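Listed below, chain by chain, are the residues.
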Amino acid sequence: MSEPLTLAIPSKGRLKEQLAAVLAKSGVTMTQTAGARGYRATIDGMDGIDVMLLSSSEIAAGLVSGDVHLGVTGEDLVRETAPDIETSVAFLKGLGFGFADVVVAVPRSWIDVFTMADLDDICAAYAAKHRKRLRVATKYARLTRGFFARAGIADYRIVPSVGATEGAPTAGSAEIIVDITTTGATLVANGLKILDDGVILKSQAQLAMSLKSDWDDGRRATADVLLAKLGIES
Amino acid sequence: MNTSFPTIGEAHIEALESISATILRAFKTRGYARIQPAILQPSEIFVDRSGEEIRRRTLELVDPAGREVCLRPDLTIPACRHAVETKKPLPARLCYRGPAFRWRKNEPAAFAQSGAELIGLASRAEGDTEMLALAARALRACGLTHFRMMVGDLELFATLVDALEVPAQWRGRLKRHFWRTGYFEKLLARMVAGATNAAERAIEDLHRLKPEDLRPAVEALIDKEADAPLAGRTRAEIVERLMLQAADGASPRLRPDVAELILNFLAVKGPARSALEQIRTLTKPVEDAMAGPLAAMAARLDALEGLGVDPGRIAFVGHFGRNLEYYTGFVFEFWCDAGGGALEVAGGGRYDTLMESLGAPRGTTAIGCALQPEKILMARGAA
């Protein structure tokens, strides 16, 4: 029997509950055990799978590094963590929960700014006038850089934000934000609007597979059985 | 050998040292004073000048005090900053040698540079000639005589855009993106097609207003958002820009013949003298505006010929702008053919807004070049 396959799932919160509901519907039940290194679980009736309960960002990091074989976490976190996603992670199935958009938002008072092209003009004008760059508060530095580069925007700087990103323009720590939103209500409450073409990513919880981990025949076979139960063709 | 983290031996070390020393000697005999900027620099001086893009290639770290520092991605910005901070009398001539650091796939992030900056010389033409002579002489002193050159001029393009019939609000966009191959072509196509989205419909409503009603309407729009932060911009600035957009109308379009002329200009590529003739013919409709920058480019070619560079080996490339954003005008690269491929052994250009952005008086000119000792050594080995 080969080494076990590692499946990482969220250890707490709404994602954990919603995943449990999806799994239950597929007839997959887990038994949680407290292991030496954090939480562990096993899938009833399936040997060869080592379930680890981790935080969403740890799961994203594990998928990118190859420390876990399969994982359930937000697509936004995986894309933000992976330098080169094509070679590190494959998304197998959107799970139909954890929906959220990563968006570019600017103050609603900027009534002349509708699109990324407008933002480009504003960024360049600001840099020319103030000898410094407009600031974008975000915890999605990688996604922001990629999206801004595709929109041809160079005159900005990222200010790392750890929480309450939407408050940055009012607080004066940044002018623009890139943040996750589900309904947009928090943005509106903070006097912000999403740009017409400012949706960077429509994210949801994904079952993803690491391309960096060790996939021997035994693990592949185990994964096929699990994926079949979940209704996914591998 | 480990290609990303190489260790080099004595012969190689000495060869590189000797090349760097030779270059610096060539700079010093022309009155360039050597400086040595710190290898660790505050990140913001690069990000504020070159934009967030540079961070993709910059090796950054956070020091124990929480400050973002980086391994210098170039020495031009630290050198210019030094000139501003120490209030160097202008024109200032500075040179340096040492490693610069940029992340590159499958190549070491650290590479040697030996460069010179000429800051605050009032005559741009004299500055261009001096810098070209400096670079060419330094390369020759290193034993490279059979180089090719590539030249371009961001000012030629900027002048063209200003002279052509282009909606006012789009001029800056075209100039900013001129060097982004692929993106720029799409941008032009979008401008020709005109786009329709919710935003443009809002502008169309404003556009239909009588001129005297426009300002009140725009002010009413911003008043509705009085709760939202202005975030670094002024109310007046926002109102003016929306009024400018409204004046152009909801879907301004770029004339197809103008777009074609721009594309044809960017496609010009070849031996410099005939390329300039091609541009002269292409830009006939705006010949008055183009006369100045075209003459300046011709003068640079004359200067190079005077330095003994065969004009047949100088290529003018219409879209050549270098990928560091602070370049503003004339740009050049020196290339050597070696074995299987071509090596860029030196490059440089004019960055006439960088000094001002660092706090120098408006209009302080600057031009510089950097030679690459590692590439020079490879080219010499292949010759």
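Please read all numbers here as calculations on a predicted model, not as lab measurements. (Residues numbered from 1 in each chain as written. Chains lettered and ligands numbered in written order. Predicted model: local features only at pLDDT ≥ 70, side-chain atom pairs only at ≥ 80, totals over all residues. Heavy atoms only, no water.)

A closer look at the overall build of chain A
So, point 1. Looking only at helices and strands, chain A has nine helices and 12 strands in total.
So, point 2. Structurally, chain A occupies a C-alpha span of about 65 × 35 × 30 Å along its principal axes.
So, point 3. For chain A, with 234 residues in total, the buried portion stands at 54%.
So, point 4. A separation threshold of at least 6 residues defines the contact pool for chain A, and within that pool the share at least 24 residues apart is 69%. (Helix = DSSP H or I, 4+ residues; strand = E, 2+ residues; numbered from the N terminus. Buried < 20%, exposed > 50% of the residue type's maximum accessible area, 1.4 Å probe, protein only. Contact = heavy atoms within 4.5 Å.)

Examining helix H2 (residues 43-50) of chain B
Every α-helix carries 3.6 residues per turn, so stepping three or four residues along brings you back to the same face.
So, point 1. Within H2 of chain B, seven of the eight residues are buried, leaving the element largely enclosed by the surrounding structure.
So, point 2. Among the residues of H2 of chain B, those classed as buried are Ser43, Ile45, Phe46, Val47, Asp48, Arg49 and Ser50 of chain B.
So, point 3. Where the residues of H2 of chain B are buried, they touch strand S9 (156-160) of chain A together with strand S2 (40-42), strand S3 (60-62), strand S4 (68-71), helix H3 (76-85) and helix H14 (354-357) of chain B.

So, the domain arrangement of chain B
So, point 1. For chain B, the assigned domains are domain 1 (10-161 + 262-382) and domain 2 (195-251).
So, point 2. Between the C-alpha centres of domain 1 of chain B and domain 2 of chain B the distance comes to 41 Å. (Domains from an automatic or database assignment.)

Concerning the pairing of S4 of chain B
Residue and element names in this part refer to chain B.
So, point 1. When S2 meets S4, the two strands line up antiparallel, connected through three bridges. Bridging across to S4, Leu40 finds its partner in Leu71.
So, point 2. By the bridge criterion, three bridges tie S3 to S4 in an arrangement that is antiparallel. Looking across to S4, one finds that Glu60 is bridged to Cys70.
So, point 3. Hairpin connection from S3 to S4: five residues lie between these consecutive antiparallel strands, with Gly66 at a positive phi of about 90°. (Pairing = 2+ DSSP bridges.)

As for the interface of chain B and chain A
So, point 1. Between chain B and chain A, the contact holds 42 residues from the first and 40 residues from the second.
So, point 2. Each partner contributes to the roughly 3,400 Å² buried at the junction of chain B and chain A, and carbon and sulfur atoms together form 49% of this total.
So, point 3. The tally of links from chain B across to chain A stands at 11 salt bridges.
So, point 4. In this structure, the salt-bridge partner of Arg176 of chain B is Asp120 of chain A, at a minimum N-O distance of 3.2 Å.
So, point 5. On inspection of chain B and its partner chain A, the count reaches 16 residue pairs in polar contact (both at pLDDT 80 or more).
So, point 6. Going through the elements one at a time, H2, helix H6 (168-177), helix H8 (198-207), helix H9 (211-223), helix H10 (235-248) and H14 of chain B are the ones with two or more residues in the side of chain B that touches chain A.
So, point 7. Here the side of chain B that touches chain A is built from residues that sort into 15 nonpolar, nine polar and 18 charged. (Buried area = accessible area lost by both parts, 1.4 Å probe. Salt bridge = Lys/Arg side-chain N within 4 Å of Asp/Glu carboxyl O. Polar contact = N/O pair within 3.5 Å; in protein donor to acceptor, adjacent residues only side chain to side chain. Nonpolar A, V, L, I, M, F, W, Y, C, P; charged D, E, K, R; others polar.)

Considering the sheet that holds strand S10 (residues 176-181) of chain A
All names here are of chain A.
So, point 1. Pairing is mixed across the open sheet formed by five strands, whose spatial order is S9-S8-S10-S7-S11. This sheet does not close on itself; its edge strands, each paired only once, are S9 and strand S11 (192-203). Between one strand axis and the next, the sheet turns through 25° on average, direction left out of account.
So, point 2. The pairing of strand S8 (residues 134-138) with S9 spans five bridges and is classified as parallel. Counterpart to Val136 in the pairing with S9 is Ile158. (Axes fitted to C-alpha atoms, helices over the stretch in contact; angles between N-to-C directions.)

Examining the packing of helix H12 (residues 272-282) of chain B against helix H13 (residues 287-306) of chain B
All names here are of chain B.
So, point 1. H13 packs onto H12 with a crossing angle of 170° between their chain directions and a minimal axis gap of 11 Å. Compared by their axis directions, H12 and H13 come out roughly antiparallel. The residues of H13 that touch H12, namely those facing Ala272, Arg273, Leu276, Ile279 and Arg280, are Met290, Leu294, Met297, Ala298, Leu301, Asp302 and Glu305.
So, point 2. Of the residues belonging to the contact of H12 with H13, the class tally is eight nonpolar, no polar and four charged. (Parallel < 35°, antiparallel > 145°, perpendicular 65-115°, else oblique.)

Focus on the sheet that holds strand S8 (residues 269-271) of chain B
Strand pairing within a sheet occurs via backbone hydrogen bonds; the two strands may be parallel or antiparallel.
All names here are of chain B.
So, point 1. Read from one edge to the other, the open sheet built from nine strands follows the order S1-S5-S6-S12-S11-S10-S7-S9-S8, with strand pairing classed as mixed. Whereas interior strands pair on both sides, the edge strands pair on one side only; in this sheet they are strand S1 (33-34) and S8.
So, point 2. Of the pairings in the sheet, the one linking strand S5 (residues 92-101) to strand S6 (residues 110-119) comprises 10 bridges and is antiparallel in character. In the strand pairing of S6, Ala92 is matched with Ile119.
So, point 3. Those strands touched by helix H1 (residues 10-29) are S1, S5, S6 and strand S12 (366-371), and its axis lies near 165° from that of S5.

Focus on the confidence of the model for chain A
Residues shown with low pLDDT carry predicted positions that ought not to be read at fine detail.
So, point 1. Mean pLDDT over chain A works out to 90, with 96% of the residues at or above the 70 mark.
So, point 2. The element-level mean pLDDT for chain A is lowest in strand S2 (residues 30-34) of chain A, coming to 78, with strand S7 (residues 100-107) of chain A highest at 97. (pLDDT = per-residue confidence, 0-100.)

As for the nonpolar core
So, point 1. If you look at the biggest cluster of nonpolar residues, it comprises 99 residues, and the most contacted ones within it are Phe27, Met149, Phe316, Phe332 and Phe334 of chain B.
So, point 2. Residue contributions to this core peak at eight residues, all from helix H4 (residues 124-141) of chain B.
So, point 3. Core analysis: the next-biggest nonpolar cluster, separate from the first, contains 38 residues, Phe114, Ile153 and Ile176 of chain A together with Leu242 of chain B among them. (Core = buried A, V, L, I, M, F, W, Y, C linked by side-chain atoms within 4.5 Å.)

Some points on the confidence of the model for chain B
So, point 1. Mean pLDDT over chain B stands at 90; residues scoring 70 or higher make up 95%.
So, point 2. The secondary-structure element of chain B with the lowest mean pLDDT is H8 of chain B, recorded at 73, while S1 of chain B shows the highest, at 98.

Examining the domain arrangement of chain A
Residues and elements named next belong to chain A.
So, point 1. According to the domain assignment, chain A contains domain 1 (5-99 + 204-229) and domain 2 (100-203).
So, point 2. Centre-to-centre, using C-alpha coordinates, domain 1 lies 31 Å away from domain 2.
So, point 3. The interface of domain 1 with domain 2 comprises 11 residues on the first partner and 12 residues on the second.
So, point 4. In this assembly, domain 1 packs against domain 2 so that about 880 Å² is buried in total across both faces, 49% of it on carbon and sulfur atoms.

Structural notes on the environment of Asn190 of chain A
Residue and element names in this part refer to chain A.
So, point 1. With respect to the secondary-structure elements, Asn190 resides in the loop between helix H8 (185-189) and S11.
So, point 2. In the structure, Asn190 is positioned 94 residues away from Gly96 in sequence and 28 Å away in space, judged by C-alpha atoms.
So, point 3. For Asn190, the side chain forms a polar contact with the main-chain oxygen of Thr186, separated by 2.8 Å.

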